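Breakdown of the fold
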Amino acid sequence: MTALFAWLLTWSFVKLLFFPYHPIKLFGYKWEGACYPLIQQLSLDKFLGPDQIGKKLDQVMPFIDSKLDDFFRNKIGEKLPMISMFIGDKTIAQLKAVFLEELSNLFPSLITQFSQSLEADFKANYKQKMAPAIEIIIMKATVKLRIAAFTIGLLWGLLTYYIISLF
């Protein structure tokens, strides 16, 4: 019995991380899985602050510059051949500078809005889609822990029985 109790105890601790999926009200007390309040406190702003966005933007600027150069030199000529005749190297450099400046101003707010939207979607979909899959993974990962709890409970029960039978 001790072994079964130990196994059941570890199994229920793992289950309580996720159960119930939707909050239940019991006598005015809201009960939900232990991991859900933690997920609600999660914020991408902690991982993706304004200074980090600026660093990332500096890292991708050479790539953006090369793509803008390709756009102004090749793509515009293909799409608008008349305009390409009036665009020289100096004009391309000026246009690229204007575009890069505008991207530098636009990129942080774009990333902030994208991360907020991504965070909201993650929190909304976590209970329905991800929690059951994560629960299965954790249940499989804790098999050895539950077997160890069963074994320790079995040994503890046998030791208790032995001690009680001596007296």
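What you are looking at is a predicted structure, and each value in this text was computed from that prediction instead of being measured.

Description of the overall build of the protein
- Across its full length, the protein carries six helices and two strands.
- For the protein, the α and β elements follow one another from N to C terminus as α-β-β-α-α-α-α-α.
- Considering the protein as a whole, with its 167 residues, one finds that 22% of them fall into the buried category.
- A separation threshold of at least 6 residues defines the contact pool for the protein, and within that pool the share at least 24 residues apart is 67%.
- For the protein, the exposed area adds up to about 12600 Å²; of that, 70% sits on carbon and sulfur atoms.

Describing the packing of helix H1 (residues 2-16) against helix H6 (residues 143-166)
- Look at H1 against H6: their axes get within 7 Å of each other, and the N-to-C directions meet at 150°. Classified by the interaxial angle, the pair formed by H1 and H6 is roughly antiparallel. Our pair here, H1 against H6, has a crossing hand that is right-handed. Here Thr2, Ala3, Leu4, Ala6, Trp7, Thr10 and Trp11 of H1 lie close against H6, whose contacting residues are Arg146, Ala149, Phe150, Gly153, Leu154, Trp156 and Gly157.
- Residues belonging to the contact of H1 with H6 are distributed by class as follows: nine nonpolar, four polar and one charged.

Re the nonpolar core
- Residues Leu57, Met61, Ile64, Leu68, Phe72, Ile76, Ile87, Ile92 and Leu100 constitute the largest nonpolar core, which totals nine residues.
- Those elements that place two or more of their residues in this core are helix H3 (50-79) and helix H5 (89-141).
- With six residues, the top contributor of residues to this core is H3.
- With residues up to four places along the chain from it excluded, the contact list for leucine 68 reads Lys96, Phe99 and Leu100.

Observations concerning the confidence of the model for the protein
- When pLDDT is averaged along the protein, the result is 80; 88% of the residues meet or exceed 70.
- The weakest mean pLDDT in the protein belongs to helix H2 (residues 35-41) at 69; the strongest belongs to H6 at 88.

Observations concerning H1
- Helix length check: H1, at 15 residues, gives a terminal C-alpha distance of 21 Å against a target of 21 Å (1.5 Å per residue), a fit within 8%.
- Residues of H1 that are buried include every one of Ala3, Ala6, Thr10 and Val14, and no others. Seen along its axis, H1 keeps its buried residues to an arc of 70°; they face one direction. Looking at H1, the residues exposed on the side facing more than 90 degrees away from the buried face are Leu4 and Phe5.

Cut-offs used in this document
- Residues numbered from 1 in each chain as written.
- Predicted model: local features only at pLDDT ≥ 70, side-chain atom pairs only at ≥ 80, totals over all residues.
- Heavy atoms only, no water.
- Helix = DSSP H or I, 4+ residues; strand = E, 2+ residues; numbered from the N terminus.
- Buried < 20%, exposed > 50% of the residue type's maximum accessible area, 1.4 Å probe, protein only.
- Contact = heavy atoms within 4.5 Å.
- Areas by Shrake-Rupley, 256 points an atom, 1.4 Å probe, with all protein chains shown as cover.
- Axes fitted to C-alpha atoms, helices over the stretch in contact; angles between N-to-C directions.
- Parallel < 35°, antiparallel > 145°, perpendicular 65-115°, else oblique.
- Left-handed = near helix turned anticlockwise from the far one by under 90°.
- Nonpolar A, V, L, I, M, F, W, Y, C, P; charged D, E, K, R; others polar.
- Core = buried A, V, L, I, M, F, W, Y, C linked by side-chain atoms within 4.5 Å.
- pLDDT = per-residue confidence, 0-100.
- Expected span 1.5 Å × (residues − 1).
- Arc of directions from axis to C-beta.

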